[in-house]
Structures are given as structure tokens and as C-alpha cells.
Amino acid sequence: MSHHRIAKSVHSSLHRALALTAVACVLAAAPAYADDYDATIKDIQSTMGGVPSFVKQLPKAGLPGAWAEVKAIELSDKTALQPKVKSLISLAVAAQIPCNYCIWSDTQNAKRAGATDEEIQEAVAMAALTSHWSTIFNGMQVDFDTFKKEMGGQ
């Protein structure tokens, strides 16, 4: 066998071993499935005052992680962005996707967080403006380095 084939075989074997080790570590670190799901349902209940029916449509394996992410970013008051700003950003993205569920929910959340109708309108208009110019830049294949230079970058 040539040195090239031996090296390739060793590399392939090491790659498989590392991949298997990574999977084993993830599985070993994974919390108990049923306990995690049940605890998450209880936490959603206590946080929201109920468990929306769509939550129970999510895969049980994915719910704990999804809820942890929502709590850590969207619902937390210990993040860099204030709740109103987070809701306005989410609304602007939802308008672009579009997602009627998110648009409705984010509008309600923004209002609860103190956003005015004018702020809500401006957030949506900013999303439209960004999408508009992105379409132009990308569709016309504007050179990115030239763009940065002309816009004050290096």
C-alpha cells in the first residue's frame, strides 16, 4: 500500500473515531428525555400561566432546548436589548418571512413593552427598506469591496 493510501486510511479512521467520540460525548451529556420534557412543560406553565397547544405539537426531544433559548433571549430581562427592541426586531423579521403568527404575537409583545404604533410602523418600514436595498445590491451584483470603500469602510 502506498504512503498516500496509508495516510488517507489513517486520516479517515481518525476522522470516524473523532466523530464517534463527539457523538458519544453529546449523548452522555444529554439530560434524561422524559424528565427534561416534563420539567419544561411545568416551567412553561409557571412562566406563561398555561401551555399553548402548539407547544405540545413540537417534538418532545426538541422542546427543552427550544424553550431554554426562548427564555434566555426573548423572555430574559438580563440581555443587552430591552424587551421592546427585541419585539420590534422580531416583528420586522416576521414581516419579511412572512409569519402571521409571529406578526400578531410580536405586535402584541411590542405594545405590552411600550412600543407606540409609530415605532411598530417604523420597524416594519425598516425591514421593507432593508429588503428593498438588499434586492438591488445583490441583483445588480454590486462589488462588495467597492461598496464598503464608498460607504466609509476600509
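Attention here is on the structure that accompanies the text. (Residues numbered from 1 in each chain as written. Predicted model: local features only at pLDDT ≥ 70, side-chain atom pairs only at ≥ 80, totals over all residues. Heavy atoms only, no water.)

**Focus on the overall build of the protein**
Summing up its helical and strand segments, the protein has seven helices and zero strands in all. Reading the protein from its N end, one meets helices and strands in the order α-α-α-α-α-α-α. Considering only intrachain contacts with a sequence separation of at least 6, the fraction spanning at least 24 residues in the protein is 43%. Within the structure as shown, the protein displays about 11,900 Å² of accessible surface, and the carbon and sulfur contribution to it stands at 62%. (Helix = DSSP H or I, 4+ residues; strand = E, 2+ residues; numbered from the N terminus. Contact = heavy atoms within 4.5 Å. Areas by Shrake-Rupley, 256 points an atom, 1.4 Å probe, with all protein chains shown as cover.)

**Regarding the environment of R112**
Relative to the elements of secondary structure, R112 occurs in helix α5 (residues 100-112). The exposure class assigned to R112 is exposed, which follows from its relative accessible area of 64%. For the pair R112 and K84, spaced 28 residues apart in the sequence, the C-alpha separation amounts to 8.1 Å. (Buried < 20%, exposed > 50% of the residue type's maximum accessible area, 1.4 Å probe, protein only.)

**Quick notes on α5**
Between the first and last C-alpha of α5 there are 18 Å, a value that for 13 residues agrees with the 18 Å anticipated at 1.5 Å per step. Here α5 has its buried residues at D106, T107 and A110. Down the axis of α5, the smallest arc covering the buried residues is 105°, so these residues share one side. Away from its buried face by more than 90 degrees, α5 exposes Y101, W104 and R112. Downstream of α5 by a residue or two, G114 has a phi angle that is positive, lying close to 100°. (Expected span 1.5 Å × (residues − 1). Arc of directions from axis to C-beta.)

**Brief notes about the packing of helix α4 (residues 83-96) against α5**
At a minimum axis distance of 8 Å, the contact between α4 and α5 shows a crossing angle of 160°. It follows from the interaxial angle that α4 and α5 lie roughly antiparallel. α4 and α5 meet at a crossing whose hand is left-handed. Taking contact as the criterion, the partners of K84, S87, L88, S90, L91, A94 and A95 in α4 are, on α5, C102, I103, D106, T107, N109 and A110. Considered class by class, the residues forming the contact of α4 with α5 number seven nonpolar, four polar and two charged. (Axes fitted to C-alpha atoms, helices over the stretch in contact; angles between N-to-C directions. Parallel < 35°, antiparallel > 145°, perpendicular 65-115°, else oblique. Left-handed = near helix turned anticlockwise from the far one by under 90°. Nonpolar A, V, L, I, M, F, W, Y, C, P; charged D, E, K, R; others polar.)

**What to know about the pattern of salt bridges**
Under the criterion given, the structure shown has five salt bridges. Put simply, D77 and K78 hold a salt bridge, and the shortest N to O gap is 3.7 Å. Overall, the relative accessible area of 62% leaves D77 in the exposed class. Under the relative-accessibility criterion, K78 is labelled exposed at 75%. Two residues, D145 and K148, come together in a salt bridge whose shortest N-O distance is 4.0 Å. Of this pair, D145 and K148 both sit in helix α7 (residues 144-150), three residues apart, which is roughly one turn of that helix. Judged by relative accessible area, K148 falls into the partly exposed class, the value being 33%. (Salt bridge = Lys/Arg side-chain N within 4 Å of Asp/Glu carboxyl O.)

**Description of the packing of aromatic side chains**
Under the defined criterion, the tally for this structure stands at two aromatic pairs. With a centroid separation of 5.7 Å and an interplanar angle of 35°, the aromatic rings of W133 and F137 are classed as tilted. Here W133 and its partner F137 are both found in helix α6 (residues 117-139), four residues apart, which amounts to about one turn of the helix. Assessed through its relative accessible area of 30%, F137 is described here as partly exposed. These aromatic residues form a ring-pair network of at least three members: W133, F137 and F147. (Phe/Tyr/Trp six-rings, centres within 6.5 Å; stacked < 30°, edge-to-face > 60°.)

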